Amino acid sequence: MNIQPTHSSRRILLPVRQWFILFSLAVAFFLDLVPFGNAIGVPDWVALVLAFWSVREPLRLGMGTAFVIGLMMDVASGSVMGQHPLAYLLLSYAAGGLSRRILWFPLVQQALHILLLLLATQLVMVITRLLGGADFPGWGYFLGSFSGALLWFPLTFVLLLPQYQPLEKDENRPI
Amino acid sequence: MPVVGHQPPPFFKRGPAPLARLVFFVVLSLALLVLDLKYRTLELARQGVATVLYPLQRAAYAPVDLYEQLDGYFSSLSAVQQENVLLKRKEVESAKWLLRQEHLELENQRLRQLLDMKARQPVSSTLADIIHAARDPFSRRVIVDKGSQQGIVAGQAVVDEAGVLGQVTRVYPMQSEVTLVTDKNQAVPVQVVRNGLRTVLFGASDGQLELRFLAANADIRPDDQLVTSGLDGVYLPGLPVAKVLRVDRDAAYSFARIVCEPAAGVEKHGQVLLLGLREALQQQVEESGTRDKPAKAKRGRKRDE
């Protein structure tokens, strides 16, 4: 059992299942594969879900997972090998380190923290590529972080849904 | 309470500290970055992973595909009819060229034989569909639906009905990646149609092209047509690439700033032609040297590349 450490809710959550973390990452990866062409403001789903689990369960999500899914993103998007792993590792580490602090805030302020983390992730990628001699993609590139931060609210609800379910259904139970 | 030489055993096994793990993996990814950017030795690994991911990518494309089909289904009939009329007119207009082309080609061959010149290489080509733009926002690339299974190799030139689109830069088993001419790192050797001036065309950031390192007094004007010069051994000579949009001659700089517009429908989706690789670069250079005699004579006083 795991008490949700926020000031507003004392709801007791079920422990998360490892396969659900990996499953949600796989779904996020699939969503990232959907080709939107050059549309701006499309969030990086993998970064978002990775940040979510790093904040929620810093001990369950290893750096190895972030590295491997980053490599897969590199191949799928045709970018330079090592660009996504580097950014995701730093994101995962920072989100894990800030986990206790972020969870203390209500959702709006959590989303603000996440916005900064996502922007930093994109900045790492931009710096990596600019050093590698690529072109600056324009400021619209950073819009993806803002839409990602907006998605923090539905994401929290959806990804915590399995942990809200009671083990055995009981109508008279107080919690 | 540390005893000398002994640490108390940890209560929970958690492996190395997070910072140590972070440093290990960051060093690993930096090594990958350097390997890929400097030495390009990771193509095999990339191919392996890409092959595994291919079904997933196709599945992810399904919603977009469905949307496009629906969009096409509901696109109004009148638009299609209009397009049909336009295409028919175009066909009639180009018929005069097409009808004479066979005749001209035969004549050309005969004349070449008479002059004892090497015959122009016949070019094989593969028709392909652009599936989508690559997700990487730092470069201008598209994915086409033909790969090494269909005999595509890296380096092939890609054209559409209006001109050069780019070059195949990476080949996967079932699809390949085409770098567009508008990519910053893509260079195309070109020739100005009007006066045979040869230079190299680079991509600029905003979907346009740029002629760099051309002297401020170079003979180039807006609306000049640029075609491939064929000196690279990749593109066939004479394919239209771009049109000069504007020329800024600033006395403060020694080079003119020349902005061009791509001729092909770059950054649009549709069907493209992957031209076969040109063989025997040596012959081609020799041949283009003899063929472009007038251009060569002019070259004496002009900048070359």
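Not measured: the values here are computed from a predicted model. (Residues numbered from 1 in each chain as written. Chains lettered and ligands numbered in written order. Predicted model: local features only at pLDDT ≥ 70, side-chain atom pairs only at ≥ 80, totals over all residues.)

Asks: Help me understand the overall build of chain A, please; the structure alone is not making it clear to me.
Replies: When you go through chain A residue by residue, the secondary structure sums to eight helices and two strands. Order of helices (α) and strands (β) in chain A, N terminus to C terminus: β-β-α-α-α-α-α-α-α-α. Out of the 175 residues belonging to chain A, those deemed buried represent 39%. Summarising the internal contacts of chain A: among those between residues at least 6 apart in sequence, 68% fall at separations of at least 24. (Helix = DSSP H or I, 4+ residues; strand = E, 2+ residues; numbered from the N terminus. Buried ≥ 20, exposed ≤ 12 C-beta atoms within 10 Å, placed from the backbone. Contact = placed C-beta atoms within 7 Å.)

Asks: Honestly, the interface of chain B and chain A in this entry has me stumped. Any pointers?
Replies: Many descriptions give the size of an interface as the accessible area lost when the pieces come together. With 35 residues of chain B at the contact, the number on the chain A side is 32 residues. Going through the elements one at a time, helix H1 (18–39), helix H2 (43–74) and strand S1 (125–133) of chain B are the ones with two or more residues in the side of chain B that touches chain A. For the side of chain B that touches chain A, the leading source of residues is H1(B), giving eleven residues. Looking at the side of chain B that touches chain A residue by residue, the classes come out as 21 nonpolar, six polar and eight charged. (Nonpolar A, V, L, I, M, F, W, Y, C, P; charged D, E, K, R; others polar.)

Asks: Can you help me understand the sheet that holds strand S10 (residues 240–248) of chain B in this one?
Replies: Sheet strands pair by backbone hydrogen bonding; their relative direction is either parallel or antiparallel. Residues and elements named next belong to chain B. Spatially, six strands are ordered S6-S7-S8-S11-S10-S9 in a closed barrel, and the strand pairing comes out antiparallel. In this sheet, neighbouring strand axes are inclined to one another by 40 degrees on average, regardless of whether the strands run parallel or antiparallel. Summarising the sheet, S10 and strand S11 (residues 257–262) pair through six bridges and their orientation is antiparallel. By the bridge assignment, Val244 is partnered in S11 with Cys260. (Pairing = 2+ DSSP bridges. Axes fitted to C-alpha atoms, helices over the stretch in contact; angles between N-to-C directions.)

Asks: When you look at the pairing of strand S5 (residues 176–180) of chain B in this model, what are you seeing that I'm missing?
Replies: Within a regular beta strand, the side chains point alternately toward one face of the sheet and then the other, so they alternate between its two faces. Residues and elements named next belong to chain B. Counting buried residues in S5 gives five out of five residues, a clear majority hidden from the surface. Residues of S5 alternate between two faces, with Ser176, Val178 and Leu180 on one and Glu177 and Thr179 on the opposite face, all of them buried. Strand direction decides the pairing type here: strand S2 (residues 141–144) and S5, joined by four bridges, are antiparallel. Residue pairing for S5: Val142 is matched across the bridge by Val178. Of the strand pairs in this sheet, strand S4 (residues 164–171) and S5 are connected by five bridges, and their pairing is antiparallel. Its bridge partner lying in S5, Val171 is registered against Ser176. If you look at the hairpin formed by S4 and S5, you'll find four residues sitting between the two strands.

Asks: Quick question: what am I supposed to make of the packing of helix H1 (residues 18–33) of chain A against helix H2 (residues 45–56) of chain A here?
Replies: How two helices sit against one another is set out by the angle between their axes and by the gap between those axes. Residue and element names in this part refer to chain A. Packing of H1 against H2 brings their axes to within 7 Å, and their N-to-C directions diverge by 160 degrees. By the criterion of interaxial angle, the relationship of H1 to H2 is roughly antiparallel. Every pair of crossing elements has a handedness; the one defined by H1 and H2 is right-handed. Residues Ile21, Ser24, Leu25, Ala28, Phe29, Leu31 and Asp32 of H1 touch H2, and the partners they reach there are Trp45, Val46, Leu48, Val49, Leu50 and Trp53. For the contact of H1 with H2, a count of residues per class yields eleven nonpolar, one polar and one charged. (Parallel < 35°, antiparallel > 145°, perpendicular 65-115°, else oblique. Left-handed = near helix turned anticlockwise from the far one by under 90°.)

Asks: Can you help me understand the domain arrangement of chain B in this one?
Replies: Examined at the domain level, chain B breaks down into domain 1 (19–68), domain 2 (76–116) and domain 3 (124–305). In this structure, domain 1 of chain B and domain 2 of chain B have C-alpha centres spaced 44 Å apart. (Domains from an automatic or database assignment.)

Asks: I'm lost on the sheet that holds strand S3 (residues 157–159) of chain B in this one. Help?
Replies: All names here are of chain B. Taken in spatial order, the six strands line up as S1-S2-S5-S4-S3-S12 and close into a barrel, and their pairing is antiparallel. Averaged over all neighbouring strand pairs, the angle between strand axes comes to 45 degrees, with direction disregarded. By the bridge criterion, five bridges tie S1 to strand S12 (residues 271–275) in an arrangement that is antiparallel. Looking at S12, one finds that Leu127 is bridged to Leu273.

Asks: Where do I start with the pairing of S2(B) in this structure?
Replies: All names here are of chain B. Residues Arg141 and Ile143 point to one face of S2 and Val142 and Val144 to the other, with burial holding for every one of them. Here three bridges tie S1 to S2, and the two strands are oriented antiparallel to one another. Its bridge partner being in S2, His132 is matched across the sheet by Ile143.

Asks: Is there a simple way to think about the nonpolar core in this case?
Replies: If you look at soluble globular proteins, the nonpolar side chains tend to sit buried side by side. The biggest cluster of nonpolar side chains holds 90 residues, and the ones touching the most others in it are Leu50(A), Ala51(A), Leu89(A), Val164(B), Leu165(B) and Val241(B). For this core, the leading source of residues is H2(A), giving ten residues. (Core = buried A, V, L, I, M, F, W, Y, C linked by C-beta atoms within 7 Å.)

Asks: Help me understand the packing of helix H3 (residues 63–77) of chain A against H2(B), please; the structure alone is not making it clear to me.
Replies: Relative orientation of the contacting elements H3(A) and H2(B) amounts to 80 degrees, with a least axis distance of 9 Å. In terms of axis orientation, H3(A) runs roughly perpendicular to H2(B). Contacts between H3(A) and H2(B) pair Met72(A), Val75(A) and Ala76(A) from the former with Arg46(B), Val49(B), Ala50(B), Leu53(B) and Gln57(B) from the latter. Looking at the contact of H3(A) with H2(B) residue by residue, the class counts come to six nonpolar, one polar and one charged.

Asks: How do you make sense of the confidence of the model for chain B when you look at a structure like this?
Replies: Any region with low pLDDT has predicted coordinates that should not be read closely. Residue-level pLDDT values for chain B average 81, and 87% of them are 70 or greater. For this predicted complex, the interface confidence reaches an ipTM of 0.84, while the overall pTM sits at 0.79. (pLDDT = per-residue confidence, 0-100.)

Asks: Can you help me understand the environment of Met174(B) in this one?
Replies: Residue and element names in this part refer to chain B. For Met174, the location among the structural elements is in the loop between S4 and S5. Classification of Met174 by C-beta neighbours within 10 Å gives partly exposed; the count is 17. Once you skip the residues sitting within four places of it in the chain, Met174 turns out to touch Tyr54, Gly147 and Gln149.

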